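Each chain, written out:
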Amino acid sequence: MAKHLLREIDNLKKRILTLGMDVEESVRLATQALEDKNYELANKVIEHDIVIDNMEVEVEEECLKILALHQPVATDLRFIIAAMKINNDLERIGDLAVNLAKRARYLSDKPTIEINIDFSGMAYKAKTMLAESLDSLVNLSEALAFKVIQDDEEMDEMNRGVNRRIHEAIKRNPDQVESLLKILSCARHLERIADHATNIAEDVIYMITGEIVRHRTEEGLSQ
């Protein structure tokens, strides 16, 4: 029984990591579509979402099967619980990549608006946090997971800055309100991707230590 459980947990790890890589690629392509105003690339992300959705269902079914057949305890149980939560966060990130792609598709034929915002920097930060959260899972690195959590405040500040500048741009360019609001929603989607990456990092810490770190303050994390 123990050998079967270990084999199934190892298979589950591979499924989670495959889903993670797929989601990471969707985010990369969606942000590229935004930056390049590439309609076809945006469509590719949207069409691929069904694959991510199917993978998410398969991972959840695998988790439930392991729970029912093996009734794992201790570390194995923590892994299954964390895997189910990470699976859900990855699927949500995939949905957010689709939302970004839809905005990219809309903006692809609209005039470029000159705004003093570091949108590329925000996209890079979101992608980096996602990559590092997955790396913390692969390497079971508590330190890297904590880094992702601490980086979330920087992402929140970047989003607040974008919000301020977009609202200022709307006052200056009332004829471009719809496009500006699409850009604003893109920033929000990137910030939400970072939030889900943070959730993944928190679940990795739970997986490793059994400690629930959600709602702990940044000061507490640095102690």
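Residues numbered from 1 in each chain as written. Predicted model: local features only at pLDDT ≥ 70, side-chain atom pairs only at ≥ 80, totals over all residues. Heavy atoms only, no water.

Turning our eyes to something else, we now look at the overall build of the protein chain. The helix and strand inventory of the protein chain stands at seven helices and zero strands. Order of helices (α) and strands (β) in the protein chain, N terminus to C terminus: α-α-α-α-α-α-α. Compactness check: the protein chain gives a C-alpha radius of gyration of 19 Å against a globular reference of 17 Å for 223 residues, within 12% of the reference. With the C-alpha coordinates of the protein chain rotated into their principal frame, the extents come out at 65 × 45 × 20 Å. Per-residue burial over the protein chain gives 49% buried out of 223 residues. When the accessible surface of the protein chain is summed, it comes to about 11,300 Å², and 51% of that surface belongs to carbon and sulfur atoms. Averaging the positions of the 29 positive and the 42 negative side-chain charges in the protein chain gives two centres separated by 1 Å. (Helix = DSSP H or I, 4+ residues; strand = E, 2+ residues; numbered from the N terminus. Rg over C-alpha atoms; globule rule 2.2 N^0.38 Å. Buried < 20%, exposed > 50% of the residue type's maximum accessible area, 1.4 Å probe, protein only. Areas by Shrake-Rupley, 256 points an atom, 1.4 Å probe, with all protein chains shown as cover. Lys, Arg positive; Asp, Glu negative; His and termini not counted. Charge placed at Lys NZ, Arg CZ, Asp CG, Glu CD.)

Another aspect to go through is the packing of helix α4 (residues 119-139) against helix α5 (residues 142-172). A pair of packed helices is characterised by two quantities: the angle between their axes and the separation of those axes. Where α4 meets α5, the closest approach of the two axes is 10 Å, and the angle between their N-to-C directions is 165°. Viewed along their axes, α4 and α5 adopt a mutual orientation that is roughly antiparallel. The way α4 lies across α5 gives a crossing that is left-handed. Taken together, the residues of α5 that come into contact with α4 (itself represented by Gly121, Met122, Lys125, Ala126, Met129, Glu132, Ser133, Asp135 and Ser136) are Leu144, Ala145, Lys147, Val148, Asp151, Asp152, Glu154, Met155, Met158, Asn159 and Val162. A breakdown of the residues in the contact of α4 with α5 according to their chemical character gives nine nonpolar, four polar and seven charged. (Axes fitted to C-alpha atoms, helices over the stretch in contact; angles between N-to-C directions. Parallel < 35°, antiparallel > 145°, perpendicular 65-115°, else oblique. Left-handed = near helix turned anticlockwise from the far one by under 90°. Contact = heavy atoms within 4.5 Å. Nonpolar A, V, L, I, M, F, W, Y, C, P; charged D, E, K, R; others polar.)

Here the focus is the pattern of salt bridges. If you walk through the whole model with that rule in mind, you get 16 salt bridges. Across the salt bridge formed by lysine 147 and glutamate 132, the nearest N and O atoms sit 3.1 Å from each other. With lysine 147 in helix α5 and glutamate 132 in helix α4, this pair connects stretches of sequence that are 15 residues apart. Three or more residues joined by partner-sharing salt bridges are found here, namely Lys125, Glu132, Lys147, Asp151 and Glu154. (Salt bridge = Lys/Arg side-chain N within 4 Å of Asp/Glu carboxyl O.)

Our focus in this paragraph is the layout of surface pockets. Its volume calculated, the largest pocket comes out at about 460 Å³. Along its surface, the largest pocket is lined by 16 residues, and Leu34, Thr112, Ile113, Phe119 and Ile183 are the ones closest to its centre. Elements supplying a minimum of two residues to the lining of the largest pocket: α1 (2-36), α4 and α6 (177-209). For the lining of the largest pocket, the leading source of residues is α6, giving three residues. A breakdown of the residues in the lining of the largest pocket according to their chemical character gives nine nonpolar, three polar and four charged. (1 Å grid on protein atoms, 1.4 Å probe; cavity = no way out; pocket = protein on both sides within 12 Å on 5 of 7 lines; lining within 4 Å. Points joined across faces, edges and corners; volume = space filled by probe spheres on them.)

Glancing now at the confidence of the model for the protein chain. With 96% of its residues at a pLDDT of at least 70, the protein chain reaches an overall mean of 92. Looking at the elements of the protein chain, mean pLDDT is at its lowest for helix α7 (residues 218-222), recorded as 48, and at its highest for helix α2 (residues 39-70), recorded as 96. Within the model, pLDDT remains below 50 along residues 217-223, and this stretch shows six contacts once partners closer than five positions in the same chain are excluded. (pLDDT = per-residue confidence, 0-100.)

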